[in-house]
Amino acid sequence: MAPTTQDLSLNTTPSYLTRLQDFVSENRRAILVCTAAAAVALGAAYYVSTASPQRPGSGKDRQKDRKKDKPLKKKKSVNDQDGPILEEVKPKEEEQQNVPLTLEEIAVLSADERIKRAGVLKTRGNALYQARNFTQAVELYTQAIQLSPKPEPIFHSNRAACYMNMSPPQFEHVVEDCDAALRHDPNYVKALNRRANALEALSRYTEALRDFTAATILDKFQNEAAAHSVERVLKKLATEKAQTIAATRGPRLPSQTFISAYFAAFRKRAQPTLPETPSQGDQTLLLALDALEAADYAHALSLINEAVDQGISWDIGRAEALNLRGTFKFLTSDIPGAKADLEESLTLNPSLTQSLVKLASVHMEEGNHAQAMERFEQAIKVDSSDPDVYYHRGQVHFITNDYAAAAENYTKSTSLDSTFVFSHIQLAVAQYKMGNIANSMATFRRTMTAFPNRAEVCNYYGELLLDQQRFEDAVEKFDRAIELEKTKSPPNPLPLVNKALAIFQWHKDIPPAEVLCREALAIDPSCETAVATLAQLALQKSEMETAIEWFEKQVDLARGEAEIVASLTYLEASKAQLQFVKTYPQMAAELQQIASAMM
């Protein structure tokens, strides 16, 4: 099967991105937290999969209040039936006061008397809250706010809890009260969480993520529930933005590296023979195929569209043209258009097994595994000796983690044509995935002997060595791959990026890794793997703003909605963390201690 956006095959860039993200995830607790002057380096991947808030300390007033707090018998959260727990500031006396008072009556009271009466009102409000009489509880909290001679964040937060639990909830009022509470105590985690939930309900996901992120860091990453809140809101925010981007972004080709990897996954076929009197469209078709052979993909796309529009005079040629145009539509994420062209090519030439194989890719992109497998069965009935059919069916098994079936298909493909290097490479990787390390390494060594001048073998052998943390051996293989790639035009930049990741994991040496990634971008300015690695390296250096710039480029390069969502997840998490540091610069020293404890 040709690569899809979810394909992990070794001749496609997603395999590298997956390994990079796995490394970041596995090492997320060692990602630095930052300095006050710079930005948090908590790594966006950390938030995609890790912990969040409970209740931290806060300002002096909150510390005093907590000493006086009267805990309820049962702990509750915002999502419980009875709503979030309310906080007590126990008054010195519980006697009833005549309420409400006018502003004039309040003005003549002493500060101590106002504090006492406000406390009584709050206690009565709490009782009404527990009785689920939220409207009357709001009235008493409002009176307490008016009576208190100094701002009391708890009064606003408890009133917000009432608004949250009304039917229907009054989310705007929740936000207003939490705004007031946080103006007086920015470290008030309960108000942050409460406001975040209200903002999420209002679909104000960027602000909700800001608050959940702040609560997470202030709570020192100790609350699993808060972790889920961050993940949930990140998913909503990224999905919403990705849908907008996908709907408004016009079709465009992915990077040179990705397209080259896609077409390299198919064995070369002879160009169709023109009829005796070729039409203009027939001749343009050959020009498109020549441009494809020269890796001039933008020109090939333009020419194949022109050829189809001009009209192709014979069925075999038109089938080839639709096969190629459908391929480019697939690469530009026009899945319905790709499907239509490939199906029409089969109507014109039912023996064109490559169109069946590419339709299997389309079905996998649609999430229809069963139909993809049916296409392979059709292709085998048409031509059981086509080695590409078995190779790409092996790819489907590989990305669905059926490595034994994948290995069987790679072996069959190789038995029909042993000159295709990727069948050998994929067999070795399938063996590795099954835990047959010795067999995998032996397969790679045999492949290196059979294909001594193929950079791909050294590159992907190096990836497996890197996975085993055999850093020196991996770098040696990447260096060999880089040298072999220099003989190509254009070279594949992936070995440079792989070497960068190896050097970083081996020595934690960031500058040389960055140099290698920039060399990769000089070869292919749209190299997704180089951009993703530079973003992660910037996180490691506590350069959050630089990381955000790279994540924005990664979003721009992403193909299809699923990839855009993944890239936006990193971007939005990084933005939220940067905003935290700007809002809480005094937390820098404590964050550094947290980082040290995580390492």
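Here's what I pulled together on the structure shown here. These numbers come from a predicted model, not from an experiment.

For the rest of this paragraph, the subject is helix α24 (residues 471–485). Compared with the 21 Å implied by 1.5 Å per residue over 15 residues, the 21 Å span of α24 between its first and last C-alpha is a close match. Of the positions making up α24, those classed as buried are Phe471, Ala474, Val475, Lys477, Phe478, Ala481, Ile482, Leu484 and Glu485. Buried residues along α24 sit in contact with α22 (437–450), α23 (455–467) and α25 (494–507).

Bringing the packing of helix α18 (residues 369–382) against helix α19 (residues 387–399) into the picture now. Packing of α18 against α19 leaves a shortest axis separation of 10 Å and a crossing angle of 165°. One element, α18, and the other, α19, form an angle in the roughly antiparallel class. Handedness of the crossing formed by α18 with α19: left-handed. Within the contact between the two elements, α18 uses His369, Met373, Phe376, Glu377, Ala379 and Ile380 and α19 uses Val389, Tyr390, His392, Arg393, Val396 and His397.

This paragraph deals with the pattern of salt bridges. Taken as a whole and assessed by the stated rule, the structure comprises 34 salt bridges. Between lysine 339 and glutamate 366 there is a salt bridge, with its nearest N and O atoms 3.5 Å apart. Placement of the pair is lysine 339 in helix α16 (residues 335–348) and glutamate 366 in helix α17 (residues 353–366), with a sequence separation of 27 residues. Owing to a relative accessible area of 22%, lysine 339 belongs among the partly exposed residues under this scheme. The exposure class assigned to glutamate 366 is partly exposed, which follows from its relative accessible area of 39%. We note a salt bridge from aspartate 473 to arginine 470, for which the minimum N-O separation is 3.1 Å.

Trans is the common state for peptide bonds, and a negative phi is the common state for residues other than glycine. Residue proline 168 is bonded to the preceding serine 167 through a cis peptide linkage, with omega at 0°. Relative to the helices and strands, proline 168 resides in the loop between α7 (153–165) and α8 (171–184). In the Ramachandran plot, arginine 132 falls in the positive-phi region, its phi being about 65° despite a non-glycine side chain. Looking at the element boundaries, arginine 132 is found in the loop between α5 (111–130) and α6 (134–147).

Here we come to the layout of surface pockets. Reported here for the largest pocket is a volume of approximately 1,200 Å³. Every residue lining the largest pocket is counted, 43 residues in all, and those nearest its centre are Ser260, Phe263, Ala264, Lys268 and Tyr297. Elements that contribute at least two residues to the lining of the largest pocket include exactly α12 (256–264), α13 (280–293), α15 (315–331), α17, α21 (421–433) and α23. Here the element with the most residues in the lining of the largest pocket is α12; it accounts for six residues. Partitioning the lining of the largest pocket into residue classes produces 21 nonpolar, eleven polar and eleven charged.

Conventions used here
- Residues numbered from 1 in each chain as written.
- Predicted model: local features only at pLDDT ≥ 70, side-chain atom pairs only at ≥ 80, totals over all residues.
- Heavy atoms only, no water.
- Helix = DSSP H or I, 4+ residues; strand = E, 2+ residues; numbered from the N terminus.
- Expected span 1.5 Å × (residues − 1).
- Buried < 20%, exposed > 50% of the residue type's maximum accessible area, 1.4 Å probe, protein only.
- Contact = heavy atoms within 4.5 Å.
- Axes fitted to C-alpha atoms, helices over the stretch in contact; angles between N-to-C directions.
- Parallel < 35°, antiparallel > 145°, perpendicular 65-115°, else oblique.
- Left-handed = near helix turned anticlockwise from the far one by under 90°.
- Salt bridge = Lys/Arg side-chain N within 4 Å of Asp/Glu carboxyl O.
- 1 Å grid on protein atoms, 1.4 Å probe; cavity = no way out; pocket = protein on both sides within 12 Å on 5 of 7 lines; lining within 4 Å.
- Points joined across faces, edges and corners; volume = space filled by probe spheres on them.
- Nonpolar A, V, L, I, M, F, W, Y, C, P; charged D, E, K, R; others polar.

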